[in-house]
There are 2 protein chains.
Amino acid sequence: MNSTNHYPDRTVERLCTYRRTLRRCLDEGKPRVFSHELAAAHQATPAQVRRDLMTIGFSGSPARGYDVAGLLEYIGDILDPPDGTAAVLLGVGHLGRALLAHFTRDRSPLHVAAAFDITPEKVGASCHGCTIHPLDALERIVAETHATVGILAVPAEAAEDMALKLVACGVRGLVNFAPVLLHLPSDVTCEDIDITVSLEKVAYHARHAEPRVA
Amino acid sequence: MNSTNHYPDRTVERLCTYRRTLRRCLDEGKPRVFSHELAAAHQATPAQVRRDLMTIGFSGSPARGYDVAGLLEYIGDILDPPDGTAAVLLGVGHLGRALLAHFTRDRSPLHVAAAFDITPEKVGASCHGCTIHPLDALERIVAETHATVGILAVPAEAAEDMALKLVACGVRGLVNFAPVLLHLPSDVTCEDIDITVSLEKVAYHARHAEPRVA
DNA sequence: AGCGCGCTGTGAACACGGTCACAACGTGAA
DNA sequence: TTCACGTTGTGACCGTGTTCACAGCGCGCT
Ligand SMILES: NC(=O)c1ccc[n+]([C@@H]2O[C@H](COP(=O)([O-])OP(=O)(O)OC[C@H]3O[C@@H](n4cnc5c(N)ncnc54)[C@H](O)[C@@H]3O)[C@@H](O)[C@H]2O)c1
Ligand SMILES: NC(=O)c1ccc[n+]([C@@H]2O[C@H](COP(=O)([O-])OP(=O)(O)OC[C@H]3O[C@@H](n4cnc5c(N)ncnc54)[C@H](O)[C@@H]3O)[C@@H](O)[C@H]2O)c1
């Protein structure tokens, strides 16, 4: 297991969601879980869960299952840097405001540290307790907050420019809501969330579903 | 090719995005495209594009490429029902408002036809030109608008109940923003958009990216 | 008219993630 | 103490989606 080339994307994704179930178990005072319980709370089979945990090197015990608190901490060590993750948001429009409302109140290991917009009227204002900064403060604030992730909620035309600006400031991870493919250096991770495409896909599949199976 | 079991999900997804590039070509007066041009505008190789178009049965001509207008119409016939797709939105909170702002002004083949909320103060009000209805009007309005897709922007605790309610009204496609797995009949298509997980994934990958390759 | 280039269409090979199936083992009951 | 059960850990297998590689062909150039 070399240090740069890490776990598969799909596994990381499931780790994120396993955490939710594990937290709920902890809240309920349930000290141990079986693979089939974790599987039921996700889109997964018991074998898949065991495989994921094997991949990250976490062992359970036969007839007892996995230790909830131990696994939660183990996953946290993989996913979370010691000081949590800071993100910056670009574009405080309709979508940006919703994101701010959600990720600033959150005490999770991940939060939005600062927001930016190009519109002069918005700059300086505060939105859900977060001050909106001008774009020329980007480099300084990324450095100060040690932000490692950038969120793009700007119009499609501006997205690539803003992405490259973020990369120039040292950001290596992006979440892009704009409906365009960004051309980025290969060491930058970008997750596209394309709500329009998701809706179109679902509409398509809904139209072509077989009448009723289960 | 039987009528129920249709194209793979990934292909449908790419068809949605090919359309964007094709529309841009049309706007620019470009009558034909090559597979490598479509590929460059997407996360795809030329072979992948050709394979997709082969899958849907659209032919180009060597040395001339694909006819932009023809392909656009061909994809439209696959993705869009004749009258467009109507969706209903459940939960007009921070996220719901952003979605309304985007998908009501849109003249696209897909639009939000009605919004619903449980909070008495919100019901009856209008948001971005869309009236907010009470939940007990759901069945009637789904029937009247012929909505085929439901969008869940409600708190996690309410998501599964609301999903089942939509299904009971005849909706067969869902887009779910709540961070829970929905247990649904197998003939219902559900696309989960889990923004928190996307952020966590990106943060993870950004931390473990190799220093610099390209 | 003839030639060569560059594209399309596609069978075959490949890679990856997911699933199966089973040996190993700890636990609790008798 | 012994046994039966249920769960984990994992090698082998399988299916799907992606890429390779090349034959076939039309266009434009000479
Ligand atoms: N709202 C939705 O539900 C929705 C759905 C699908 C896709 N999207 C996409 O998400 C993005 C944002 O959508 P929105 O609805 O919030 O749009 P919006 O127009 O409401 O907001 C865009 C914001 O970005 C700011 N902006 C513009 N250029 C900028 C720049 N260069 N740097 C920083 N800020 C800049 C604007 O001032 C504005 O505040 C768009 O690309 C849109 O296509 C949104
Ligand atoms: N806002 C974000 O950026 C964001 C990010 C990640 C996930 N989410 C998820 O999206 C969902 C919505 O987020 P939000 O920020 O808009 O929350 P919000 O609290 O602002 O809005 C929720 C809305 O749903 C309404 N509601 C509650 N129960 C309902 C019911 N049974 N039927 C209809 N409406 C009901 C409430 O009245 C409220 O208007 C949540 O599940 C949240 O976890 C949001």
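Residues numbered from 1 in each chain as written. Chains lettered and ligands numbered in written order. Predicted model: local features only at pLDDT ≥ 70, side-chain atom pairs only at ≥ 80, totals over all residues. Heavy atoms only, no water.

Enquirer: Looking at this structure, how should I read the relation of the copies chain A and chain B?
Expert: In summary, the two copies of the chain are related to each other by a rotation about an axis coupled with a shift along it. By a simple turn and slide, chain A fits onto chain B: the slide is 0.0 Å along the axis, the RMSD is 0.1 Å, and the turn is 180°. Seen this way, the second copy is the image of the first under a two-fold rotation axis. Taken together, the interface assignments show that 99% of the residues at the interface of chain A recur at the interface of chain B, consistent with an identical surface on both copies. (Least-squares fit on C-alpha atoms with pLDDT ≥ 70 in both. Contact = heavy atoms within 4.5 Å.)

Enquirer: Would you explain the site of ligand 2 in this entry?
Expert: Around ligand 2 lies a shell of 25 residues, among which Leu95, Asp117, Thr119, Lys122 and Val154 of chain B are the nearest. Residues lining ligand 2 come from chains A and B. Take Leu95 of chain B: an N or O atom from its main chain is 2.8 Å from an oxygen atom of ligand 2. Between Val154 of chain B and ligand 2, the recorded distance is 2.6 Å, taken from a backbone N or O atom to an oxygen atom. Expressed as a share of its isolated accessible area of 830 Å², the protein-covered part of ligand 2 is 85%. Put simply, the parts of the chain that give the shell around ligand 2 at least two residues each are helix H5 (94-105) of chain A together with helix H5 (94-105), helix H7 (156-168) and helix H8 (195-208) of chain B. Top element by residues in the shell around ligand 2 is H5 of chain A. It accounts for four residues. Residue composition of the shell around ligand 2, by class: 17 nonpolar, six polar and two charged. (Near = heavy atom within 4 Å. Polar contact = N/O pair within 3.5 Å; in protein donor to acceptor, adjacent residues only side chain to side chain. Areas by Shrake-Rupley, 256 points an atom, 1.4 Å probe, with all protein chains shown as cover. Helix = DSSP H or I, 4+ residues; strand = E, 2+ residues; numbered from the N terminus. Nonpolar A, V, L, I, M, F, W, Y, C, P; charged D, E, K, R; others polar.)

Enquirer: Which parts of the structure should I look at to understand the protein's contact with DNA strand C?
Expert: Of all residues adjacent to DNA strand C, which total 23 residues, the nearest are Ser35, Arg50, Arg51, Gly60 and Tyr66 of chain B. Across the atoms of DNA strand C situated within 4 Å of the protein, the share located in sugar and phosphate is 61%. In this structure, Arg50 of chain A approaches DNA strand C through a side-chain N or O atom, which is 3.3 Å from a base nitrogen. Here a phosphate oxygen of DNA strand C and a side-chain polar atom of Tyr66 of chain B are 2.8 Å apart. Of all the elements in the fold, those that place two or more residues in the surface near DNA strand C are helix H1 (9-27) and helix H3 (46-56) of chain A together with helix H2 (35-40) and helix H3 (46-56) of chain B. Along the lines of polarity and charge, the residues of the surface near DNA strand C split into eight nonpolar, eight polar and seven charged.

Enquirer: Which parts of the structure should I look at to understand the sheet that holds strand S6 (residues 130-133) of chain B?
Expert: Note: strands within a sheet are paired through backbone hydrogen bonds, in either parallel or antiparallel orientation. Residues and elements named next belong to chain B. Pairing is mixed across the open sheet formed by seven strands, whose spatial order is S5-S6-S4-S3-S7-S8-S9. Among the strands making up the open sheet, the edge pair consists of strand S5 (126-127) and strand S9 (189-192). Two elements, strand S4 (residues 110-116) and S6, share two bridges in a ladder whose sense is parallel. Bridge pairing links Phe116 to His133 in S6. Here H5 sits on the sheet in contact with strand S3 (85-90), S4, S5, S6 and strand S7 (149-152), set at roughly 140° to S4. Sheet strands touched by H7: S3, S7 and strand S8 (173-176). Its angle to S7, the strand with the most contacts, is close to 170°. (Pairing = 2+ DSSP bridges. Axes fitted to C-alpha atoms, helices over the stretch in contact; angles between N-to-C directions.)

Enquirer: What is the right way to look at the domain arrangement of chain A in this model?
Expert: Accessible area lost when the parts come together is the quantity often used to give the size of an interface. Per the domain assignment, the segments of chain A are domain 1 (9-78) and domain 2 (85-198). Domain 1 of chain A and domain 2 of chain A are separated by 31 Å when their C-alpha centres are compared. (Domains from an automatic or database assignment.)

Enquirer: What am I meant to see in the nonpolar core here?
Expert: A general feature of soluble globular proteins is that nonpolar side chains tend to end up buried together. Within the largest apolar cluster, 48 residues are counted, with the highest numbers of intra-cluster contacts made by Leu89, Phe177 and Ile195 of chain A together with Leu89 and Leu99 of chain B. What Leu89 of chain B contacts, discounting residues up to four positions off in sequence, is Gly96, Leu99, Leu100, Val112, Ala114, Ala115, Phe116, Ile151 and Ala153 of chain B. (Core = buried A, V, L, I, M, F, W, Y, C linked by side-chain atoms within 4.5 Å. Buried < 20%, exposed > 50% of the residue type's maximum accessible area, 1.4 Å probe, protein only.)

Enquirer: Can you help me understand H3 of chain B in this one?
Expert: Since the α-helix turns once every 3.6 residues, residues separated by three or four places project in the same direction. Residue and element names in this part refer to chain B. Within the span of H3, buried status applies to Val49, Asp52, Leu53 and Ile56. Viewed end-on, H3 has its buried residues packed into an arc of 95°, placing them on one side of the element. More than 90 degrees from the buried face of H3, the exposed residues found are Arg51 and Met54. Among the residues trailing H3, Gly57 stands out with phi positive, at a value near 80°. (Arc of directions from axis to C-beta.)

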